[in-house]
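Listed below are the residues making up each chain.
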Amino acid sequence: MSKEKLVIFDTTLRDGEQSPGASMTRDEKVRIARMLEKMRVDVIEAGFAIASPGDFEAVQAVAKAIKESTVCSLARAVDADIDRAAEAIKPAARSRIHTFIATSPVHMQYKLKMQPEQVLEQLIHAVKRARNYTDDVEFSLEDGSRSEFDFMCRVTEAAIAAGATTINVPDTVGYGEPAEYGAMFKRLIEAVPNSDKAIFSTHCHNDLGLAVANSLSAVMNGVRQIECTINGLGERAGNASLEEVVMAVRTRKDVFPVETDIVTEHIVPTSRLVSTITGFPVQPNKAIVGANAFAHESGIHQDGVLKHRETYEIMRAEDVGWNTNKIVLGKHSGRAAVKARFEALGVSFDTQDALNEAFARFKELADKKHEIFDEDLQALVSDSAADNLAERFKLIDLEALSKSGQKPTAKVHISIDGQAVESEAEGGGPVDAAYKAIEAVAKSNADLLLYSVNNITQGTDSQGEVTVRLERNGHIVNGVGSDTDIVAASVKSYLHALNLLESRRERSHPQRDGV
Ligand code: KIV
Ligand code: ZN
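Remember, predicted model here, so these are calculated numbers, not experimental data.

Cut-offs used in this document
- Residues numbered from 1 in each chain as written.
- Chains lettered and ligands numbered in written order.
- Predicted model: local features only at pLDDT ≥ 70, side-chain atom pairs only at ≥ 80, totals over all residues.
- Heavy atoms only, no water.
- 1 Å grid on protein atoms, 1.4 Å probe; cavity = no way out; pocket = protein on both sides within 12 Å on 5 of 7 lines; lining within 4 Å.
- Points joined across faces, edges and corners; volume = space filled by probe spheres on them.
- Helix = DSSP H or I, 4+ residues; strand = E, 2+ residues; numbered from the N terminus.
- Nonpolar A, V, L, I, M, F, W, Y, C, P; charged D, E, K, R; others polar.
- Donors = N, O, S within 2.8 Å, 3.2 Å for Na, K, Ca; no water.
- Buried < 20%, exposed > 50% of the residue type's maximum accessible area, 1.4 Å probe, protein only.
- Salt bridge = Lys/Arg side-chain N within 4 Å of Asp/Glu carboxyl O.
- Axes fitted to C-alpha atoms, helices over the stretch in contact; angles between N-to-C directions.
- Parallel < 35°, antiparallel > 145°, perpendicular 65-115°, else oblique.
- Left-handed = near helix turned anticlockwise from the far one by under 90°.
- Contact = heavy atoms within 4.5 Å.
- Pairing = 2+ DSSP bridges.

S.K.: Where do I start with the layout of surface pockets in this structure?
M.R.: In this approach the atoms are scanned with a rolling probe the size of a water molecule, which exposes any empty space left behind. Of the pockets and cavities examined, the largest pocket occupies roughly 1100 Å³. What lines the largest pocket is a set of 42 residues, among which Val268, Arg272, Trp322, Glu375 and Ile456 lie closest to the centre. Sorting the residues of the lining of the largest pocket by element identifies helix 1 (26-38), helix 10 (267-278), helix 12 (335-344), helix 14 (374-380), strand 14 (447-455) and strand 15 (464-472) as the ones contributing at least two each. With seven residues, helix 10 is the single largest residue contributor to the lining of the largest pocket. Of the residues that constitute the lining of the largest pocket, the class distribution is 18 nonpolar, 16 polar and eight charged.

In structure tokens:
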């Protein structure tokens, strides 16, 4: 069967970032974008340029760093958004503006307070304006799956006539059902006279757990772009997960009339990176990238796989990047080897000082742990110091005591705005004691929403990676910290979260406010 190309549009950096607490710094976005490029993702939606100065800078930084993939910014169908998106993506080798407006009766009446004819007029104007900046313009009918079919046809025809090269009909609220959503695309493509001038696209949310099924059903009905995210990250229950759609298409070649360019061996490392940066752990039974996705527990299964792998395995773990965390570095590795390995992981250093700092951290870790895996390196560059964050709070020293029959205590020595302070407290455990000691002097007034510990690699000398989610006045941040000592990792993650809160890298959410 001859295959058509399926465009993979990754929106981890935009819709994925809309998960509460998943906000990423500019440098983190660039690191993820580099991995996506290595994976040969076709389009990287880097953000929503008008949302905040931080979003603008991040889109621009990704546009500068990425050479192969198309870099895209979201924009509402209004002039200011489109101009800002165009400005942010200007440095990109290939660029796209993705503009949208809602087309469902409920959104038009209650959110936009606009008549359908006004919506139509506005989107035509927006697409034309975007086309003045780039030949690659995507138009999305927000809440498309709940829009009236005749209006959807008029909108689609008008958007294409105005210059849109991709038409996306999102299932914004995750209400779609595979057969119905797929049939809708078939009807739409048949009914719109100029449909051959655009690529049709799907963007599904996972509120009913159907995002991947809906996306694939759309593909069976003529869609040739899927919008998706790593680990299925995204607004509310998330988006269709990139790894699932890509592996479904690849594994069921007999069914799907399409193929992607994705280098699947980069899937697991990218999933790990996104999880480390956002602090959203991947559930063990998650398809493709979960720790148990290729683990066979039952004796019957193990026996079968040993005799003939295909008895119970439909994919090879190594094809998606499992089992590739070979020991790459150790105590005796030199600066050049460490730098090269970081670069292979998408981490580059702008200055010699930044490299020196990362190398010093590497040496410190190598003294405690003699096998350094890629995941360890990723973790090393995931907290404040590595992230160009203004570090109001810095750890100088930590002492934690936990003895059977005695109340755990912790003494922390930190610097706040360059001033060294010491604080001591008791707690339910050493981590609790350390957090109480920090709070006694930091007085952040933040609420702790989440505390989670994951081992980065295997073995008892593995680094523990701690994620702490704090909220203050509606502003949510995720701090991450890693160390072979869990209490130290916990303290680092808490201080990282405090530094993030201080940086007030807040995003406004114009998308939620409508147009
Ligand atoms: O879910 C949605 O409708 C969106 C659009 C802006 C594409 O994210
Ligand atoms: Zn969305």
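S.K.: Looking at this structure, how should I read the coordination of the zinc ion (ligand 2)?
M.R.: Six octahedral donors around a metal ideally sit at 90 or 180 degrees from one another, while four tetrahedral donors ideally sit at 109.5 degrees. The protein atoms donating to the zinc ion (ligand 2) are Asp15 (OD), His203 (NE2) and His205 (NE2), with metal-donor distances spanning 2.0 to 2.1 Å. The motif formed by the donor residues of the zinc ion (ligand 2), counted along the single chain, is D-x187-H-x1-H. In this pair, Asp15 sits in the loop between strand 2 (7-10) and helix 1 while His205 sits in the loop between strand 8 (199-203) and helix 8 (211-220), placing the two residues 190 residues apart along the sequence. You can call Asp15 buried: its relative accessible area is 2%. Classification of His205 as buried rests on a relative accessible area of 5%.

S.K.: Teacher, can you tell me more about the pattern of salt bridges here?
M.R.: When the charged atoms of two side chains with opposite charge come close together, those side chains can pair. For the structure on display, the rule yields 36 salt bridges. Linking Arg76 and Asp81 is a salt bridge whose minimum nitrogen-to-oxygen distance equals 2.8 Å. In this structure, Arg96 and Glu138 form a salt bridge, with 2.8 Å as the shortest nitrogen-oxygen distance. Of this pair, Arg96 sits in strand 5 (residues 95-102) while Glu138 sits in strand 6 (residues 137-142), and the two are 42 residues apart along the sequence. Residue Arg96 shares its accessibility class with Glu138, and that shared class is buried.

S.K.: Help me understand the packing of helix 5 (residues 116-131) against helix 6 (residues 149-162) in this model?
M.R.: The geometry of a pair of packed helices is captured by two quantities: the angle between their axes and the separation between those axes. It is the contact of helix 5 with helix 6, at a shortest axis distance of 9 Å, that shows an interaxial angle of 25°. Comparing the axis directions of helix 5 and helix 6 gives the class roughly parallel. By crossing handedness, the relation of helix 5 to helix 6 is classed as right-handed. Every residue of helix 6 that contacts helix 5 at Pro116, Glu117, Val119, Leu120, Leu123, Ile124, Val127, Lys128 and Arg131 is listed here: Phe151, Arg154, Val155, Ala158, Ala159 and Ala162. Of the residues assigned to the contact of helix 5 with helix 6, the class counts are eleven nonpolar, no polar and four charged.

S.K.: What's the story with the sheet that holds strand 11 (residues 393-401) in this structure? I'm lost.
M.R.: Through backbone hydrogen bonds, the strands of a sheet pair up, either in parallel or in antiparallel fashion. Taken in spatial order, the three strands line up as 11-12-13 in an open sheet, and their pairing is antiparallel. The strands lining the two open edges of the sheet, one partner per strand, are strand 11 and strand 13 (419-426). Averaged over all pairs of adjacent strands, the angle between their axes in this sheet comes to 15°, without regard to strand direction. In terms of strand pairing, strand 11 meets strand 12 (residues 409-416) through eight bridges, oriented antiparallel. Paired with Leu401 across the bridge in strand 12 is Thr409. Of the strands in this sheet, strand 11, strand 12 and strand 13 touch helix 15 (residues 430-442), which is tilted by about 40° from strand 12.

In short, geometric facts, not functional conclusions.
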